[in-house]
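Observations on the three-dimensional arrangement
Residues per chain are reported as follows:
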2 protein chains.
Amino acid sequence: MGWGDLGVFGEPSKETPNLDQMASEGMLFLDFYTANPLCSPSRAALLTGRLPVRNGFYTTNGHARNAYTPQDIVGGIPDSELLLPELLKKAGYINKIIGKWHLGHRPQFHPLKHGFDEWFGSPNCHFGPYDNTERPNIPVYRDWEMIGRYYEDFKIDLKTGEANLTQLYLQEALDFISKQQASQHFFLYWAIDATHAPVYASKQFLGTSQRGLYGDAVREIDDSIGKILKHLQQLGISQNTFVFFTSDNGAALISAPKQGGSNGPFLCGKQTTFEGGMREPAIAWWPGHIPAGGVSHQLGSVMDLFTTSLSLAGLQPPSDRQIDGIDLLPVILQGKLIDRPIFYYRGNELMAVRAGLYKAHYWTWSNSWEEHSKGIDFCPGQNVSGVTTHTQEEHTYLPLLFHLGRDPGEKYPLSFASEEYQRAMGTISALLQQHKDTLVPGQPQLNVCDRAVMNWSPPGCEKLGKCLKAPESAPQKCSWPH
Amino acid sequence: MGWGDLGVFGEPSKETPNLDQMASEGMLFLDFYTANPLCSPSRAALLTGRLPVRNGFYTTNGHARNAYTPQDIVGGIPDSELLLPELLKKAGYINKIIGKWHLGHRPQFHPLKHGFDEWFGSPNCHFGPYDNTERPNIPVYRDWEMIGRYYEDFKIDLKTGEANLTQLYLQEALDFISKQQASQHFFLYWAIDATHAPVYASKQFLGTSQRGLYGDAVREIDDSIGKILKHLQQLGISQNTFVFFTSDNGAALISAPKQGGSNGPFLCGKQTTFEGGMREPAIAWWPGHIPAGGVSHQLGSVMDLFTTSLSLAGLQPPSDRQIDGIDLLPVILQGKLIDRPIFYYRGNELMAVRAGLYKAHYWTWSNSWEEHSKGIDFCPGQNVSGVTTHTQEEHTYLPLLFHLGRDPGEKYPLSFASEEYQRAMGTISALLQQHKDTLVPGQPQLNVCDRAVMNWSPPGCEKLGKCLKAPESAPQKCSWPH
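Residues numbered from 1 in each chain as written. Chains lettered and ligands numbered in written order. Predicted model: local features only at pLDDT ≥ 70, side-chain atom pairs only at ≥ 80, totals over all residues. Heavy atoms only, no water.

**As for the packing of aromatic side chains**
The following threshold applies: Pairing of aromatic side chains here covers Phe, Tyr and the six-membered ring of Trp, requires ring centres within 6.5 Å, and sorts the geometry by plane angle: under 30 degrees stacked, over 60 edge-to-face, intermediate tilted. Counting from the N terminus, the helices are DSSP H or I runs at least four residues long and the strands are E runs at least two residues long. When accessible area is computed with a 1.4 Å probe and restricted to protein chains, residues below 20% of their type maximum are described as buried, those above 50% as exposed, and intermediate ones as partly exposed. Here, over-ring charges are defined by two tests on the NZ atom of lysine or the CZ atom of arginine: distance to the ring centre within 6 Å, and angle to the ring normal within 35 degrees.
Summed over the entire model, instances satisfying the criterion amount to 36 aromatic pairs over all chains. Aromatic side chains Trp-3 of chain A and Phe-266 of chain A sit 4.9 Å apart centroid to centroid with 80° between the ring planes, which places their arrangement in the edge-to-face category. Here Trp-3 of chain A, found in the segment before α1 (17-25), pairs with Phe-266 of chain A, found in the loop between β7 (243-246) and α7 (275-278); they are 263 residues apart in sequence, far enough to count as distant. The exposure class of Trp-3 of chain A is buried, given its relative accessible area of 0%. On the accessibility criterion, Phe-266 of chain A (2% relative accessible area) is buried. Arranged with centres 5.8 Å apart and planes meeting at 45°, the rings of Phe-29 of chain B and Phe-244 of chain B form a pair that is tilted. Within this pair, whereas Phe-29 of chain B is found in strand β1 (residues 27-29), its partner Phe-244 of chain B is found in strand β8 (residues 243-246), the two being separated by 215 residues in sequence. Across the pair, exposure class does not vary: Phe-29 of chain B and Phe-244 of chain B are buried alike. Through a chain of ring-to-ring contacts, three or more aromatic side chains come together here, namely Phe-29, Phe-32, Phe-242, Phe-244 and Trp-286 of chain A. Between the NZ or CZ atom of Arg-135 of chain A and the centre of the ring of Tyr-130 of chain A, over which it lies, the distance is 5.6 Å.

**Details of the side chain of Glu-410 of chain A**
Residues and elements named next belong to chain A. To keep things clear, this is the line we draw: Nitrogen and oxygen atoms within 3.5 Å of one another constitute a polar contact, given that in protein one can donate a hydrogen and the other can accept it, and given that sequence-neighbouring residues count only through two side-chain atoms. Working rule for contacts: check all heavy atoms of both residues, and any pair within 4.5 Å makes them a contact.
Here Glu-410 is to be found in the loop between β16 (400-403) and α11 (419-438). Polar side-chain contacts of Glu-410 include one of 2.8 Å to the backbone nitrogen of Glu-275. Look past the residues within four positions of Glu-410 in its chain and what remains in contact with it is Leu-267, Phe-274, Glu-275, Lys-359, His-361, Val-384, Val-387, Phe-402 and Leu-404.

**Here's the deal with the UniProt feature "domain: Sulfatase N-terminal" (unreviewed entry) in chain A**
Test applied: UniProt positions are given in the numbering used here, feature names are shortened, and annotations may be inferred rather than shown by experiment.
Under the UniProt annotation, "domain: Sulfatase N-terminal" (unreviewed entry) lies at residues 1-314 of chain A. Split by type, residues 1-314 of chain A is 26% helix and 15% strand. Its first and last C-alpha atoms lie 31 Å apart.

**Let's talk about the state of the cysteines**
Residues and elements named next belong to chain A. In plain terms, the rule: For the purposes of this analysis, a disulfide is any pair of cysteine sulfur atoms at a distance within 2.5 Å.
Per the stated rule, a full pass over the model turns up 6 disulfides over all chains. Sulfur-sulfur distance for the disulfide between Cys-268 and Cys-379 comes to 2.1 Å. Judged by the sign of its S-S torsion, about 100°, the bond between Cys-268 and Cys-379 is right-handed. With Cys-268 in the loop between β7 and α7 and Cys-379 in the loop between α10 (369-373) and β15 (393-394), the pair connects residues that are 111 residues apart, well separated along the chain. Taken individually, Cys-268 and Cys-379 each receive the classification buried, so the pair is uniform in this respect. Looking at chain A, its bonded cysteines, counted consecutively from the start of the sequence, adopt the pairing 1-2, 3-6, 4-5.

**Digging into the interface of chain A and chain B**
The cut-off we apply is this: Two parts placed together each lose some accessible area; with a 1.4 Å probe, that loss summed over both constitutes the buried area. What makes a salt bridge here is a side-chain nitrogen of Lys or Arg within 4 Å of a carboxyl oxygen of Asp or Glu, nothing more.
Between chain A and chain B, the residue contacts involve 34 residues of the former and 34 residues of the latter. The largest share of the area that chain A buries against chain B comes from Pro-12, Gln-210 and Tyr-412 of chain A, three residues that together contribute 23% of it. Where chain A packs against chain B, one counts 0 salt bridges. Inspection of the chain A/chain B interface yields 4 residue pairs in polar contact (both at pLDDT 80 or more).

**A look at the packing of helix α2 (residues 39-48) of chain A against helix α8 (residues 303-312) of chain A**
Residue and element names in this part refer to chain A. The criterion, for reference: Comment: axis = line fitted to C-alpha atoms, over the contacting stretch for helices; angle = value between 0 and 180 degrees taken between N-to-C directions. For this classification, under 35 degrees means roughly parallel, over 145 means roughly antiparallel, 65 to 115 means roughly perpendicular, and everything else is oblique. Two helices cross in a left-handed way if the nearer one is turned anticlockwise from the farther one by less than a right angle. They cross in a right-handed way if the turn is clockwise. Here the term charged refers only to Asp, Glu, Lys and Arg, the term nonpolar to Ala, Val, Leu, Ile, Met, Phe, Trp, Tyr, Cys and Pro, and the term polar to all other amino acids, Gly among them.
Where α2 contacts α8, the axes come no closer than 6 Å and their chain directions differ by 20°. Accordingly, the angle class assigned to the pair α2 and α8 is roughly parallel. α2 and α8 meet at a crossing whose hand is right-handed. On the side of α2, the interface is formed by Ala-45, Leu-46, Leu-47 and Thr-48, while α8 contributes Met-303, Leu-305 and Phe-306. For the contact of α2 with α8, a count of residues per class yields 6 nonpolar, 1 polar and no charged.

**Some thoughts on α8 of chain A**
Residues and elements named next belong to chain A. In terms of residue burial, α8 counts as a mostly covered element, since 8 of its 10 residues are buried. When we look at burial in α8, the residues that qualify are Met-303, Asp-304, Leu-305, Phe-306, Thr-307, Thr-308, Ser-309 and Leu-310. Buried residues along α8 sit against β1 (27-33), α2, α4 (84-89), β7, β10 (300-301) and α9 (329-334). Positive phi shows up at Gly-314, right after α8, with a value of about 75°.

**Some points on empty space enclosed by the protein**
Quick reminder of the rule: Grid points spaced at 1 Å over the protein atoms alone were grouped into cavities, where a 1.4 Å probe fits but cannot get out, and pockets, open sets with protein on both sides within 12 Å along at least five of seven lines, with lining residues defined by an atom within 4 Å of a point. Grid points are joined across faces, edges and corners, and a volume is the space filled by probe spheres set on the points.
All told, the structure shown has 3 cavities of 30 Å³ or more when counted by the stated rule. In this structure, the largest cavity encloses a volume near 700 Å³. What lines the largest cavity is a set of 46 residues, among which Gly-264 and Pro-265 of chain A together with Gly-264, Pro-265 and Gln-382 of chain B lie closest to the centre. Residue composition of the lining of the largest cavity, by class: 20 nonpolar, 17 polar and 9 charged. In this model, the second largest cavity occupies a volume close to 50 Å³. Taken together, Asp-31, Arg-279, His-297, Arg-354, Leu-357, Leu-404, Gly-405 and Pro-408 of chain A together with Glu-11, Pro-12, Ser-13 and Gln-210 of chain B make up the lining of the second largest cavity. Of the residues in the lining of the second largest cavity, the class split is 4 nonpolar, 4 polar and 4 charged.

**Quick notes on the side chain of His-102 of chain A**
The residue His-102 of chain A is located in the loop between β2 (94-99) and β3 (118-121) in this model. Those residues in contact with His-102 of chain A that sit more than four places away from it in its chain are Cys-39, Ser-40, Arg-43, Phe-57, Tyr-68, Thr-69, Pro-123, Asn-124 and Cys-125 of chain A.

**What to know about the nonpolar core**
What counts here: The set of buried Ala, Val, Leu, Ile, Met, Phe, Trp, Tyr and Cys residues whose side-chain atoms join them within 4.5 Å is what this entry labels a nonpolar core.
Formed by 71 residues in total, the largest nonpolar core has its most connected members in Phe-29, Leu-47, Trp-101, Leu-401 and Ile-428 of chain B. Setting aside anything within four residues of it in sequence, one finds Ile-428 of chain B in contact with Val-353, Ala-355, Tyr-358, Ala-360, Tyr-362 and Leu-401 of chain B. Grouped together as the second largest cluster of nonpolar side chains are 70 residues, Tyr-58, Phe-109, Phe-116 and Cys-478 of chain A included.

**Quick notes on the pairing of strand β6 (residues 186-191) of chain A**
Residues and elements named next belong to chain A. Rule in force here: Strand pairing is assigned whenever DSSP identifies at least 2 bridges connecting the two strands.
By the criterion of burial, β6 is predominantly enclosed, with 6 of the 6 residues buried. Here β6 shows two buried faces, one formed by Phe-186, Leu-188 and Trp-190 and the other by Phe-187, Tyr-189 and Ala-191. Across 6 bridges, the pairing between β2 and β6 is parallel. Residue pairing for β6: Gly-99 is matched across the bridge by Ala-191.

**Let's talk about the relation of the copies chain A and chain B**
Note the threshold: Our superposition of the copies is a least-squares fit, built on the C-alpha atoms of residues whose pLDDT is at least 70 in both.
Rotating chain A by 180° about the axis while translating it 0.0 Å along that axis superimposes it on chain B, leaving an RMSD of 0.0 Å. Here the two chains are linked by the operation of a two-fold rotation axis. By C-alpha distance to the rotation axis, the residue of chain A lying nearest is Gly-10 of chain A, at 1.9 Å. Same-surface contact between copies: 100% of interface residues of chain A are shared with the interface of chain B.

**Regarding the sheet that holds strand β13 (residues 342-346) of chain B**
Residues and elements named next belong to chain B. Pairing within the open sheet is antiparallel, and its 4 strands lie in the order β13-β14-β15-β18. Each edge of the sheet is formed by a strand with only one pairing partner; in this case those strands are β13 and β18 (400-403). Neighbour-to-neighbour, the strand axes of the sheet open up by a mean angle of 20°, direction not taken into account.

**Some points on a nonpolar patch on the surface**
Residue and element names in this part refer to chain A. Worth spelling out the cut-off: Think of a patch as exposed residues, more than 30% relative accessible area, with no salt bridge, where like charges cluster within 9 Å and nonpolar side chains (Val, Leu, Ile, Met, Phe, Trp, Tyr) cluster within 5 Å. Using the Shrake-Rupley algorithm and a 1.4 Å probe, accessible areas are obtained, with residue cover drawn only from the displayed protein chains.
Residues Tyr-397, Leu-398 and Phe-416 make up a contiguous nonpolar surface patch of about 370 Å² in total accessible area. On the secondary structure map, Tyr-397 appears in the loop between β15 and β16. Residue Tyr-397 is classed as exposed on the basis of its relative accessible area, which comes to 78%.

This is the structure we're talking about:
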């Protein structure tokens, strides 16, 4: 989902009354970012509070390439990483993930081995349907074992766009919350697949949006979040429950117009380190604690949810490693502004840095000419000369600098000769140097692929008669074209 | 000002708390349009309830050219046109215009000859400073006579961007309202110059916006509107006063980044018939009558303000001519939706038609290659192949069709072969035919220019010693490059 997909962020159809109300009862973050313009690394960053380049969710197979966890990926979240649920356990929390895990699907990466107590959802994206010969369909797990596969037991009708997955995930969330109620601290990571392509919605939402199928999916998510918040209120625990809504990357404009969302006035979309790829809708909600109708310009990150959640639980972040997330509670509860930069990574490369309202691009790239000529376009209808480049352009010695207040669309680089450029780059260069000096990259997890590791025979498959035969192992470098 | 310039419409700096609150207390129009992507024709349409092609505010000097009322224009609003204040007079209203008139500056076009009782403002844009030899500075009028000139008596500091004009116009509005109070029906047309380039703001607002000088101007307007609404409340007449906020064209992206605003997710800006040029921010406010927090998808137009205002005053629109505006009261008070198309004119050409969520382009043009090569760009950073064309492209026989719900940015024309295309074009073609069949174009007023008619010696100049000598009359065809 993109920054511009919510009514409160200016989507012209204004079809998200529940999220808009969540914002009016809570705090809206206008300058909130993901840690990576792609799903897996973003989710790894959220759960570890660390940049993908530290927690291993990146590739060195190519320069500045986006990588994630398709079925044939060998890697996953390393045991050495401490995930939010692992830490919350120490404070007596029960932890559940509903939806897409995406941090590796081999046994050692299972979410219940990384701090979660319960899981209902899938390890990978709901791509398919596959033939179960060349490639197995993606399994859906309940806790330790699979209970079926997408397209087989969990229907997704690609023709009509109908699938009731979001309803299943909603019901699971409501049930989980009901069970915990006031007696038990809980952490619910509601990490649904929608609005990822192939886009789907339940029958009751199909055709209800002005925006087509994508809008139907957004409406269903909006409705679900409304129901979750209402459930908290009806159980009388809303004042004890901190809720945060955000997305894992910008809208995938490549799927537009039929399945693509909106990044509002921002440049490009998912896969890129322009604002459209990394600035996210974000809302904090905690009635009785967060002043209603608040708006914050705090530069925030999904990684802050790690540190903030620990803070809420009375825990300190780990001190034996670099944590990139900061505690947002002073921002949320007291309206403070904390000075901190945003680092825009694409794979192994730091592409850009934001400090205050200035953003410096050290590298620019939309995607290659080769991919572009095949119709893969991350910036459809947008073309900023020298900025949305189709070759990887280095600007290390003279970064392209934008003022995101005057120019949120990143269309007008500041003059290199201006005093403003010199002043802003002074600040940003120092931040960059400090970041690079202390950076210890993690072992890259997204380099090796092997068809043998696909979801052929997930645990539980034998009970269902759904075990498939894996091919011979043939590890190779994954191909990451973007 | 553009659709995307308000916080409530998704401007990422969210610096319009008063307008945002006005929306939360009133009704937000998401699909509201001007009648022309340029100032003069738009304002003529608002005050007559008629398309510029009917009321004469267009040119036939070239095909599909935008025209307005610079100083050397010979034409203006014809006597035969009935303006809103002329009609409101019959219901006992006192009418005032504050700010830019823009419907002609020669004596016969004076606003007090067209229904207004009072005027404080200027006949033309605040361009300048001029040398008073080649070209006089623009006069500022109080009622019948000029009381000074821009840059001379009404300072605009182009270097610092400082000018207190909006404050003067605000004070004038507050005073006028105070004087009428409960005893007198009044119509106030607060038609300020800001945010038109050269952009300015008062000292207290300079440097206060994240968005630079343009944002300072927006903040000053926002603050002023907050003060006007509060004033109505303090006088106890807010429940008897209907207030409507809108703009006369999309943000002028040609003035970006220093002086240009935002059209949010829409394509291009001022001067064009893409959504960015003609979709406007719009808010209706009438406490106790309009349900708070309403949102409407009614296709609306500035011309509707004519008919709606008459309706509020218990008057019927003139029956001896075609009126394009409709009465929005059923929409505003009862939440109804009225089926009606939007016609997008550029000069003498109907460029596009919207019906429901479909928009058909019969002609596309951003601006000429010649102008574009001089750096004049109405769509900076945007380039939709075959749509943002630099030659006037005719699509009369096979219009480009967009679905504005799925594709508000007009990036993906529907397939000509699709059933959806056929169905939607069936509807639109019929509307177009009906429109063309009944259209009686007015005498074009914006064809002839003459340096002799400039504001050399406006009434009252002699008292101020500010009369200038006009050159010999030399009428010629005005040059309209866009």
